[in-house]
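# Architecture at a glance
If you want the building blocks of each chain, they are given just below.
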Amino acid sequence: MPFLRNAWYVTAWSEALIKDPIRITILGEPVAIFRNDEGEAVALGDVCPHRFASLSQGKIHGDTLECPYHGLRFDRSGACVHNPHGDGVVPPGARVRSFPLIERHHAIWIWPGDPALAEPASIPDFSVYDRSDIVSSRDYLHVDAHYELINDNLLDLSHAAFLHPFLTTEGFAGRSRAKVEQDGRAVHSYLWNDDEPLTPLFRLVWDGDGDRVDMRSHMHWTAPSNLFLDVGITEVGGEPEDGPWLPSAHLLTPETETSTHYFWMVGRNRQPENDELGGILHNGIKQAFETEDEPMIARVAANMAGRDFWSLRPAILAGDAAAVRARRMLAKLIREEDQPVAQAAE
Amino acid sequence: MPFLRNAWYVTAWSEALIKDPIRITILGEPVAIFRNDEGEAVALGDVCPHRFASLSQGKIHGDTLECPYHGLRFDRSGACVHNPHGDGVVPPGARVRSFPLIERHHAIWIWPGDPALAEPASIPDFSVYDRSDIVSSRDYLHVDAHYELINDNLLDLSHAAFLHPFLTTEGFAGRSRAKVEQDGRAVHSYLWNDDEPLTPLFRLVWDGDGDRVDMRSHMHWTAPSNLFLDVGITEVGGEPEDGPWLPSAHLLTPETETSTHYFWMVGRNRQPENDELGGILHNGIKQAFETEDEPMIARVAANMAGRDFWSLRPAILAGDAAAVRARRMLAKLIREEDQPVAQAAE
Amino acid sequence: MPFLRNAWYVTAWSEALIKDPIRITILGEPVAIFRNDEGEAVALGDVCPHRFASLSQGKIHGDTLECPYHGLRFDRSGACVHNPHGDGVVPPGARVRSFPLIERHHAIWIWPGDPALAEPASIPDFSVYDRSDIVSSRDYLHVDAHYELINDNLLDLSHAAFLHPFLTTEGFAGRSRAKVEQDGRAVHSYLWNDDEPLTPLFRLVWDGDGDRVDMRSHMHWTAPSNLFLDVGITEVGGEPEDGPWLPSAHLLTPETETSTHYFWMVGRNRQPENDELGGILHNGIKQAFETEDEPMIARVAANMAGRDFWSLRPAILAGDAAAVRARRMLAKLIREEDQPVAQAAE
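An unreviewed UniProt entry lists chain A under the name Aromatic ring-hydroxylating dioxygenase subunit alpha, with Sphingomonas chungangi given as the organism.

Set out below in structure tokens:
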């Protein structure tokens, strides 16, 4: 299936783009990202139009990126502005693609589609991580699978009961109340578990009385693949706002048809100064993603062997409701993008 | 070339299937094998029909295998009999393939074809390894080659003179008398070497007088790829039954078009209590298979580069008679299986 | 693009072919090279026509090469002259291809095209390395790229200013005078840098006064991919013959469409007895080729992702003049070779 091109995707965490350019392949296309001398993040097509070297292996000169092979320099618009050879005239065609880029919510967002349609307001809202009362940390995972398989994984948290002992408790899935909603480009999967035993993860931040809590796990997906997990606990019958909260962002950027960049971020509203606690929470989650989710999803991808999801006629369970809606919504958006005229004629 | 599906293949040695499920790909299809709580071996399609996880990574619950991703459980017929989600109703289509499986002669045999045709009596006879006077050991080798190239290797033992110094003597091939026969689904390649010097292997078990013996090397191939080597020595002019005997089984199961599971077993009729001798014999043979045959066959496969054997117009030598008959018999069986109507109409 | 088959390519340095046969794939075809008992180098198709084993893994018997699998022996004409099996009759079709082979200028040259056209006189002239006043050393590099990308690299030395600090000086490229010529099957790229600071490499052999020199870098390419770099320095205004000279040969043999054997040789006309100096020069150049050129060219090949060079509509700079002429000349030669009738009709 083709990708949704007119959409925002994360290319890097802001803090990871410092001195050297970064090369990242998104939607099958290699991109060079760098900060110019004003600290502004710039994204250019990675392949020099002269001899096809990778600009991301080059050096930054002021507001330009210099090709490492023969020294052509490109500015933030993608134009070659310096040719050190011969009479120094820049030849026609010496130009690379430039991508709209926005730095927001600790991340650098890229728009691989039509630049004229790149609306910063359509970046999904992760402003919770900009709040002064939320401390957060970030990480990255490479997954050998099509990104929709990760959407599926995140939109059906019932898998946690079988795959993630640190994040759940025995029989958790069977005690959930569930609701699925959708609007615009979003699907929302709500789970509530009332009067539950504490999970090992939340035990680390629980500061209330007793061992039982109300827990909510609300996953918000925005097409094509940016997810926000609003997960928290409170005293039984209490108000959600009061309890410990561990909101996490799951920002999936297709690398190729068979691999995905998985950027994730986890925040907390407790003990902001306690770095040791932060490390334990971060690493507990990291271990679940890297040693439990990733191998499972990669195996699923290998078992599918490149075949289309629906062509395999999957059995559908109750917990698949949100993932199925997201798949259908995304397929529709991609069809509309690929056939804009037909769409207009409808 | 397609595979012969209506046939018995080995999937595992009995002693290797204990607690955990095993995943094995046969004829291009991943299969999960496990023992249920009654010790019965069961083979199911490995891919869960829900989200395509590998059942072989799951847990055994009584007589069912539980999917590691979302907990569906499948019984020995392949039916999903437990859904831990929502109302617990098992959705239509929640079913995997179940394979006929027979445990016999130390091995677990699978039938990848039409279950209605799976006749236990057609498992090749390796009952020699069930005899109380024969001690045997088993091993496994993965070969990066189409299984017919291993058939070829085993049906023309003249290669031993050039590849296996431990198994033969100088000039052995030139002194053999040969005969090839065929019947039903079998090809038999008989070699006799009379009044021969002892080979290094047989010297280890020789308990007669002198240094010269009569030796027989009789390879019996049953389509598609199960072979029995009846190899033994006796005093010059003596009766075969009396002499040392090292019968070996070579059970080839196609993994893919380009790789093969090679299960092998070697027995002896001498010194049943002598484990050290057993180890020396086993490892001498293992070394020949792993360091001499396998690299040679894998290189042949690489040199063929996916091209059909006959399309390469091979030069044919005297020693190829049995292998050529086996190739033709197998090709005929596969054609008949793929065109059952045409066959019936003949 | 197809290869130019009627041409001489290097298969090995003479000093590397001693006792054991060598396997090398050239133009996509595996070849076995060995020296027979008279020390004569012979090249045969590597794949035995019987069971497709690699002859290069076999043993040399007199003037024949014996197959390691079943012992057939092949002479220098490629004919099977010994069959150790059955009645010993050599079956029809037991023959491998034999390649014209010439040992000259420290190298073994092979002709993969029509043997009738193999003219030893058309081997490019590297007799400089046969001179008694030139000391030379040889090496080999495997490059993951189409050989024409290495032609491009060598025919445009302006890249040295950006990639090779050991071989050039700051701003070197901008101070060059350039001229390109072509004749027959050759393209010549002349660079002169007058009154230049010494490069780090030439500083090692400079024995004149002062720190400034005249430098010439003359690259001579012969189709399809044998290059000679005549690079030397002299006193400002002096005669080229008098100064230090480090002539190097760059002999590219296509392995496949995506990989190349890069044989190189460097000589010097100074301090012939100084082995330490020879080692320093050799290793300085080796490092530039292996850690600077090879990764760059392999990355370019990966960025091109199998697409044709011209289809990518490269921007052309002044320094590309020689490489573009070589590409066009080579394309023409390949077209003519592939369409000999059409050529004759022109």
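## Here we look at the overall build of chain A
Regarding its fold elements, chain A presents six helices and 18 strands. At 22 Å, chain A has a C-alpha radius of gyration in line with the 20 Å of a compact globule built from 346 residues. Over its C-alpha atoms, taken along the principal directions, chain A stretches across nearly 80 × 50 × 35 Å. Expressed as a percentage of the 346 residues in chain A, the buried residues total 56%. In chain A, the share of contacts with a sequence separation of at least 24, taken over all contacts with a separation of at least 6, comes to 58%. Surface accessibility of chain A: about 14,500 Å² in total, with carbon and sulfur atoms responsible for 51%. Taken as two groups, the 31 positive and 52 negative side-chain charges of chain A have centres that lie 5 Å from each other.

## Description of the UniProt feature "domain: Rieske" (unreviewed entry) in chain A
With numbering matched to this structure, UniProt assigns "domain: Rieske" (unreviewed entry) to residues 8–110 of chain A. Structurally, residues 8–110 of chain A is divided into 0% helix and 42% strand, and its ends, taken at the C-alpha atoms, are 6 Å apart.

## What about the domain arrangement of chain A?
Residues and elements named next belong to chain A. Under the domain assignment, chain A is made up of domain 1 (9–121) and domain 2 (133–337). Between the C-alpha centres of domain 1 and domain 2 there is a distance of 33 Å. On the side of domain 2, 16 residues touch domain 1, which itself brings 14 residues to the contact. Taking both sides of the interface into account, the surface hidden between domain 1 and domain 2 amounts to around 1,200 Å²; carbon and sulfur atoms contribute 67%. Of all residues in domain 1, Tyr-9, Val-10 and Trp-13 bury the most surface against domain 2, accounting for 50% of the area lost on that side. On the surface where domain 1 and domain 2 come into contact, there are one salt bridge. In this structure, the salt-bridge partner of Arg-138 is Glu-15, at a minimum N-O distance of 3.1 Å.

## Digging into the interface of chain A and chain B
The partner chain B presents 25 residues to the 27 residues of chain A that form the contact. Carbon and sulfur atoms make up 60% of the surface buried where chain A meets chain B, a total of about 2,000 Å² over both sides. Close ionic contact of Arg-51 of chain B with Asp-320 of chain A constitutes a salt bridge, the shortest N to O distance being 3.0 Å. Seen at the junction of chain A and chain B, the total is 10 residue pairs in polar contact (both at pLDDT 80 or more). Every element with two or more residues in the side of chain A that touches chain B is listed here: α1 (147–155), α2 (160–163), α4 (275–304) and α5 (321–338) of chain A. Considering only residue class, the side of chain A that touches chain B consists of 16 nonpolar, five polar and six charged.

## Structural notes on the packing of helix α1 (residues 147–155) of chain B against helix α5 (residues 321–338) of chain B
Residue and element names in this part refer to chain B. The contact between α1 and α5 brings their axes to 8 Å, and the two run at 145°. Read as a crossing pair, α1 and α5 show a hand that is right-handed. In this structure, α1 contributes Tyr-147, Glu-148, Leu-149, Asn-151, Asp-152 and Leu-155 to the contact, and α5 contributes Ala-322, Ala-323, Ala-326, Arg-327, Leu-330 and Ile-334.

## Section: the interface of chain A and chain C
Taken residue by residue, the interface counts 25 residues in chain A and 27 residues in chain C. Carbon and sulfur atoms supply 61% of the area that chain A and chain C bury against each other, a total of about 2,000 Å² over both sides. In terms of surface lost to chain C, no three residues of chain A exceed Arg-51, Phe-52 and Tyr-69 of chain A, which account for 40% of the buried area on that side. Connecting chain A to chain C are two salt bridges. In this structure, the salt-bridge partner of Asp-152 of chain C is Arg-51 of chain A, at a minimum N-O distance of 2.6 Å. The interface formed by chain A and chain C includes 10 residue pairs in polar contact (both at pLDDT 80 or more). Its residues assigned to classes, the side of chain A that touches chain C comprises 11 nonpolar, 10 polar and four charged.

The rules behind the values
Starting from 1, residues in each chain are numbered consecutively following that chain's sequence as written. Each chain gets a letter, beginning with A, and each ligand a number, beginning with 1, in the order they are written. Per-residue local features are limited, in this predicted model, to residues with pLDDT of at least 70; the limit for side-chain atom pairs, both in listing and counting, is 80 or more; totals at the level of whole chains, interfaces and linings are taken over all residues. Water and hydrogen atoms were dropped before computing side-chain values, which therefore reflect all heavy atoms in the structure. Every helix listed is a DSSP run of H or I at least four residues long, and every strand listed is a run of E at least two residues long, numbered separately from the N terminus. Atoms considered for the radius of gyration are the C-alpha atoms alone. The globule rule reads 2.2 Å times the number of residues to the power 0.38. Working definition: with a 1.4 Å probe on protein chains only, accessible area under 20% of the residue-type maximum means buried, over 50% means exposed, and in between means partly exposed. Contact definition: two residues touch when any of their heavy atoms are within 4.5 Å. Reported accessibility uses the Shrake-Rupley method at a 1.4 Å probe radius. Residues are deemed covered only where the shown protein chains occlude them. We score Asp and Glu as negative and Lys and Arg as positive, and we do not count His or the chain ends. Working definition for charges: the position is that of NZ of Lys, CZ of Arg, CG of Asp or CD of Glu. UniProt positions are given in the numbering used here, feature names are shortened, and annotations may be inferred rather than shown by experiment. Where each domain starts and ends comes from a domain assignment, either automatic or drawn from a database. Two parts placed together each lose some accessible area under a 1.4 Å probe, and adding up what both lose gives the buried area. Just to be clear on terms, a salt bridge is a Lys or Arg side-chain nitrogen sitting within 4 Å of an Asp or Glu carboxyl oxygen. Identification of polar contacts relies on pairs of N or O atoms within 3.5 Å, with a donor-acceptor requirement for protein atoms, meaning one able to donate a hydrogen and the other able to accept it, and with residues adjacent in sequence counted only if both atoms are side-chain atoms. In this classification, Asp, Glu, Lys and Arg are treated as charged, Ala, Val, Leu, Ile, Met, Phe, Trp, Tyr, Cys and Pro as nonpolar, and every other residue, Gly included, as polar. Interaxial angles span 0 to 180 degrees and are taken between N-to-C directions of axes, which are lines fitted to C-alpha atoms, for helices over the stretch in contact. Helix crossings get a hand from a simple test, with the near helix turned counterclockwise from the far one by less than a right angle marking a left-handed crossing and a clockwise turn marking a right-handed one.

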